[in-house]
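Here are the chains, one letter per residue:
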Amino acid sequence: MATNRGYSGKEFRVFFGTQDLSACAIGTAPSSASHLAPANGFEFRLNGVSDIAFDAGYSVTQLSRTGERIKRAEDVIQHYGSGNWTFDFDYTVDSHAVLHNLLNLIYPSNANGADHANGFVLDATPTTDAMKHGQAGSLDTCGVILIKNPEAAQSRLLHSAVLQNLTLSMDAGTDSGVLKATGQFMSGYKPAIGSSTIFNSAVTTSDFAKGLFDCTTQTVGGDGASVRAFSITINNPASRIGYQGSDMEADGYVRGAEITAEGSITIKADDNAMQHLATWQGADQTMAIALNNGGTTMHIAVPGAQMTGHSLDIADEGAFIEIPFTVTSGADGGTVPLTIKTTSS
């Protein structure tokens, strides 16, 4: 018979931090708030809690043997520890510090990270760092996620996790146009199951509610635009590599694939917008996209956006144009591909 206690999804809490690799190397589960940078981390107030995906953490083979029409237990061969674990999140941004940490993890860089004076800069020549098992150093490349279960002994701690992709989006018809962040963390190390106290002092200040309606400047190709929606996805994937330890967990990661950023912007189909069709059909399909409020509280710049389409959406409530684009470093790599600046003020 089941126990009487039942849980609401609202009772589960999620915490997030950047793993301080100078104090807690890749492959080691943090055991103290000082193992996070900044210390204590943040409460991750998500729109909903999903569990860590455990399935891909198993290597599974099901054999079909002669002489048997029904599988025996020993015909299902599986090993736990030689795969990957992922965690997906959907976050309506309420803290610029959390957003900065997410941006730093999708593109780790001491020179151009999200806490740099110039904001987050996706550089034309990205910084790379060794991500081997036991790696320590000042370039913090991994995140930590804690799903705190009402049954404390069943809490999950995903550590040494790489942020594979990050999507930033704003839509005038959703959540009052406030910035949203979605993405996926991946780890090649088994999540620790059990009670954890490393986030007990985590405090997340709700100091950010910026979005589309804060952007007093909205331009596409240098022309003024009335923006209905904007989104951009940054992909910086990693793969686990090798095996080590008694559980055959990852021997680190390789993160050498192409870093890509793609997005779309939907604008009112006015005279300026209609002319962008010629740009798409022309020899030079590059245009600049800028959304900002004249300062750093909300600033997104894509100076080398390469148009990849032009879709006219005609409806009774108005006509709009969706322009998908690929972020580039401009001709001969001479342009900073992407800059994002946000502050709490």
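All values derive from a computational prediction rather than experimental measurement.

This brings us to the overall build of the protein chain. For the protein chain, the helix and strand inventory stands at three helices and 21 strands. Taking 20 Å as the expected radius of gyration for a compact globule of 345 residues, we find that the protein chain reaches 23 Å, a close match to that expectation. In terms of overall dimensions, the protein chain has a C-alpha envelope of 70 × 55 × 50 Å along the principal axes. A buried classification covers 46% of the 345 residues belonging to the protein chain. Taking the contacts inside the protein chain whose residues are at least 6 apart along the sequence as the reference set, 72% of them involve residues at least 24 apart. Taken as a whole, the protein chain presents about 15,900 Å² of accessible surface, with 47% of it coming from carbon and sulfur. Between the mean site of the 19 positive side-chain charges and the mean site of the 34 negative ones, the protein chain shows a separation of 10 Å.

Phe44, Phe87, Phe89, Leu102, Phe185 and Leu338 are the most contacted members of the largest nonpolar core, which has 59 residues in total. Every residue in contact with Phe44, bar those within four places of it in the chain, is listed here: Val14, Phe15, Phe16, Phe89, Tyr91, Val98, Leu102 and Ile145. Of all hydrophobic cores here, the second largest spans ten residues; its members include Leu21, Ile26, Tyr189 and Ala250.

Attention shifts here to the pairing of strand E11 (residues 217-220). The side-chain alternation of E11 yields one buried face, formed by Gln218 and Val220, and one unburied face, formed by Thr217 and Thr219. The sheet contact formed by E11 and strand E17 (residues 286-292) spans four bridges and is antiparallel. From the neighbouring strand, Gln218 faces E17, where its bridge partner is Leu291. Bridge analysis of E11 against strand E12 (residues 223-224) gives two bridges, and the strand direction is antiparallel. Looking at E12, one finds that Val220 is bridged to Asp223.

Below, the discussion takes up the side chain of Asn101. Within the secondary structure layout, Asn101 lies in helix H1 (residues 96-106). Of the residues examined, Asn101 reaches a relative accessible area of 8% and is grouped as buried. Excluding residues within four positions of it along the chain, Asn101 makes contact with Phe16, Thr18, Ala37, Pro38 and Phe42.

So, about H1. Within H1, ten of the eleven residues are buried, leaving the element largely enclosed by the surrounding structure. The complete set of buried residues in H1 reads His96, Val98, Leu99, His100, Asn101, Leu102, Leu103, Asn104, Leu105 and Ile106. Capping the start of H1, Ser95 holds a side-chain oxygen 3.3 Å from the backbone nitrogen of Ala97, two or three residues further along.

Another aspect to go through is the confidence of the model for the protein chain. Close reading of the predicted structure is inappropriate where its pLDDT is low. For the protein chain, the average pLDDT comes to 89, and 94% of its residues sit at 70 or higher. Taking the mean pLDDT of every element in the protein chain, the minimum, 76, falls on strand E6 (residues 120-122) and the maximum, 98, on strand E9 (residues 180-187). Within the model, pLDDT remains below 50 along residues 111-115, and this stretch shows 15 contacts once partners closer than five positions in the same chain are excluded.

Cut-off values and rules
Throughout this description, residue numbers start from 1 for each chain and increase along the sequence as written. Only residues with pLDDT of 70 or above have their local features reported here, since the model is predicted, and side-chain atom pairs are shown and tallied only from 80 upward, although totals for entire chains, interfaces and linings are computed over all residues. The side-chain values count all of the structure's non-hydrogen atoms but skip hydrogen atoms and water molecules. Helix numbering and strand numbering both begin at the N terminus, where a helix is a DSSP run of H or I of at least 4 residues and a strand a DSSP run of E of at least 2. It is over C-alpha atoms that the radius of gyration is taken, and the globule rule equals 2.2 Å times the number of residues to the power 0.38. A 1.4 Å probe rolled over the protein chains alone gives each residue an accessible area, and that area as a share of the maximum for its type sets the label: buried under 20%, exposed over 50%, partly exposed in between. Throughout, a contact is declared for two residues whenever any of their heavy atoms are within 4.5 Å. Methods summary: accessible areas were calculated by the Shrake-Rupley approach with a probe of 1.4 Å, and residue burial reflects only the protein chains presented. Under this rule, positive means Lys or Arg and negative means Asp or Glu; His and the chain ends count for nothing. Each charge is placed at NZ for Lys, CZ for Arg, CG for Asp and CD for Glu. Nonpolar cores are built from buried Ala, Val, Leu, Ile, Met, Phe, Trp, Tyr and Cys residues. Side-chain atoms within 4.5 Å join them into one set. Strands are treated as partners if at least two bridges between them are detected by DSSP. In protein, a polar contact means a hydrogen-donor-capable atom and an acceptor-capable atom, both N or O and within 3.5 Å, with residues adjacent in sequence counting only if both atoms are side-chain atoms; elsewhere, any N or O pair within 3.5 Å suffices. Values of pLDDT, ranging from 0 to 100, describe the predictor's confidence in every residue of the model.

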